[in-house]
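One letter stands for each residue in the lines below.
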Amino acid sequence: MADVMAPQSQRWAALIATFAAHAERAGFGLVLTPLIEHLEVFLRVGESTDIVRKEMYDFEDKGGRRMAVRPEITAGLMRAFGEHRPPVPWKAWTVGPNFRYEAPQAARYRQHFQVDAEIVGTDDPDADVEVIALLDGFHRALGLSQRSLVVNSLGDDETRAAYLGALTTFLDQHRADLSEQGRETLGLNPLRVLDSKRPQDQPVVAAAPQVLDFLTPDAAARFDRVQEGLKALGIPYEIDARLVRGLDYYNHTLFEFPSHAIMATQNALGGGGRYNGLVEALGGPAGTGGVGFGAGIERILLACDAEGVFPAPSQRVRVFVIDTTGGSEALAVSAELRADGISADRGFDQRSMKSQMKAADRSGADVAVIVGPDELASGVVTLRALRGDGRQETVARRELVETVRTWLVTGLMTGLST
Ligand code: HAM
């Protein structure tokens, strides 16, 4: 679990603002749900899912209730949907941390943040395309290009039953060739064997039956519609019939955006799919479909680093106030500047002029406003350019804000703020 310090945190703020702008432009509203839910909420994600079975931070609270810190966001959002019954289609976006007691490795953490978007209450395949397009557009707005889109379909209940039967038979026949974990996964959920990254399992996985051969005509037509939508929007994709993803609640569309810039096994910059049974399982109306994705902020920023895009925005203030009067001038001057929309910081602890000047230089500000006892007595302040031509000028105290504003604007032309 990592601390996020400035200036890196500025990048987080900018990333979240970019996502919010994209989501809200597409009609999604921000929804915030608790970090802690009753354990049962997460059990609905699927008891054979790793994040539920062995990675959950669960505990008994002081009232004897079994609780858990969320390993993912979708279950809590669907619990909220079932409770509040908002009008459908419900388009929700959210952001926040998730906790998984995984073996930490490159790009895999015990606390990770996701931005997430969901559309609930419509079965329209266009909704699947909309969420994919949202994530794709967001990645592109950050400047990411070295990644691709992989899609698959798990079909409907009938598809699943037929495919699971065939897959289980096949994997049982090849049980001896699987790794120990592969055999364990087979006992819990044969589909998840396809998700194995272990080299020993790969030949079996490669030869296993493929879900796309088992799609019912309805499920196949639905998958075609999703692909048509992606083509209509010019979003390139590849089909990977072995994409199953780590969570049990999916049916029909599945998708993931692997990064080609991060050299870690954990390279998904986001993924999701359709989960038509989850809403009902969490207390919502029967037959309510949903589709959405989660995208990991830490991983997206790693990919931005690897691609050299989306740098941390500058965090410096424009003005630094130096007050050697021992009074409240620094407070008053900073407040006036900030009220006018000009960013300003100041020295503390009544330090010497020299030490406050050093602090001003370190701050990266363009202009220092200096108020000493003489200036205070004559109702003036001294302005000094900290870059550019280094000019200095004494101005009337009441003209301070206006003069600073002029300096900053004209300074753009004279190199003051470059
Ligand atoms: P997930 O694939 O488990 O799906 O996580 C979504 C994204 O979160 C991943 O693609 C990855 O970018 C990031 N992520 C997951 N685990 C970690 C980790 N340990 N460290 C760093 N980043 C991580 C879900 O959570 C589903 N709720 C997505 C969804 C929403 N499906 C439908 N709606």
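Residues numbered from 1 in each chain as written. Predicted model: local features only at pLDDT ≥ 70, side-chain atom pairs only at ≥ 80, totals over all residues. Heavy atoms only, no water.

(A) Looking closely at the layout of surface pockets. The volume enclosed by the second largest pocket comes to roughly 220 Å³. If you go around the second largest pocket, you meet 13 residues; those closest to its centre are Ala2, Asp3, Val4, Trp12 and Glu298. Only helix H1 (8–25) and helix H12 (297–307) provide two or more residues apiece to the lining of the second largest pocket. It is H12 that provides the largest number of residues to the lining of the second largest pocket, a total of four residues. Split by residue class, the lining of the second largest pocket holds eight nonpolar, two polar and three charged. (1 Å grid on protein atoms, 1.4 Å probe; cavity = no way out; pocket = protein on both sides within 12 Å on 5 of 7 lines; lining within 4 Å. Points joined across faces, edges and corners; volume = space filled by probe spheres on them. Helix = DSSP H or I, 4+ residues; strand = E, 2+ residues; numbered from the N terminus. Nonpolar A, V, L, I, M, F, W, Y, C, P; charged D, E, K, R; others polar.)

(B) Representation of the pairing of strand S9 (residues 251–258) within the structure. Where burial is concerned, most of S9 is hidden: seven out of the eight residues are buried. Here strand S7 (residues 150–153) runs beside S9; their pairing, made up of four bridges, is antiparallel. Pairing of Val150 across the sheet is with Glu256, part of S9. As judged from the five bridges shared by S9 and strand S10 (residues 268–274), these two strands associate in the antiparallel manner. Paired with Asn251 across the two strands is Arg274, which belongs to S10. (Buried < 20%, exposed > 50% of the residue type's maximum accessible area, 1.4 Å probe, protein only. Pairing = 2+ DSSP bridges.)

(C) Inspection of empty space enclosed by the protein at higher detail. Under the counting rule described, the total for this entry stands at one cavity of 30 Å³ or more. Put simply, the largest cavity is a space of about 50 Å³. Along its surface, the largest cavity is lined by Leu154, Arg160, Asn189, Leu191, Arg192, Val244, Arg245, Leu247 and Asp248. Across the lining of the largest cavity, the residue classes break down as four nonpolar, one polar and four charged.

(D) Examining the pairing of S7 more closely. Burial of S7 is two-sided: the residues Val150 and Asn152 facing one way and the residues Val151 and Ser153 facing the other way are all buried. Pairing of S7 with strand S8 (residues 238–239), which is carried by two bridges, proceeds in the parallel orientation. Bridging from a neighbouring strand, Val150 pairs with Glu238 of S8.

(E) Seen up close, the nonpolar core. Within the largest apolar cluster, 43 residues are counted, with the highest numbers of intra-cluster contacts made by Leu15, Phe19, Leu149, Leu230, Phe255, Phe293 and Ile300. Put simply, the parts of the chain that give this core at least two residues each are H1, strand S5 (90–99), strand S6 (111–120), helix H5 (125–142), helix H10 (217–232), S9, strand S11 (290–296) and H12. Per-element accounting of this core gives the leading share, eight residues, to H5. Sequence-distant contacts of Leu15, defined by excluding residues within four places in its chain, comprise Val115, Phe138, Leu142, Ile297, Ile300, Leu301 and Phe310. (Core = buried A, V, L, I, M, F, W, Y, C linked by side-chain atoms within 4.5 Å. Contact = heavy atoms within 4.5 Å.)

(F) Fine view of the packing of aromatic side chains. If you walk through the whole model with that rule in mind, you get nine aromatic pairs. Ring geometry for Phe19 versus Trp93: centroids 5.8 Å apart, planes at 65°, classification edge-to-face. You can see Phe19 sitting in helix H1 and its partner Trp93 sitting in strand S5, a full 74 residues away along the chain. Trp93 sits in the buried class, given a relative accessible area of 4%. Geometrically, the ring pair formed by Tyr57 and Tyr101 is edge-to-face, given 5.6 Å between the ring centres and 75° between the ring planes. Placement of the pair is Tyr57 in strand S3 (residues 57–60) and Tyr101 in the loop between S5 and S6, with a sequence separation of 44 residues. The partly exposed category is assigned to Tyr101, whose relative accessible area is 45%. Among the aromatic residues, those joined into a ring-pair cluster are Phe19, Trp93, Phe138 and Phe293. One cation-aromatic arrangement involves Arg391 over Trp407; the distance from NZ or CZ to the ring centre is 4.8 Å. (Phe/Tyr/Trp six-rings, centres within 6.5 Å; stacked < 30°, edge-to-face > 60°. Lys NZ or Arg CZ within 6 Å of the ring centre and 35° of its normal.)

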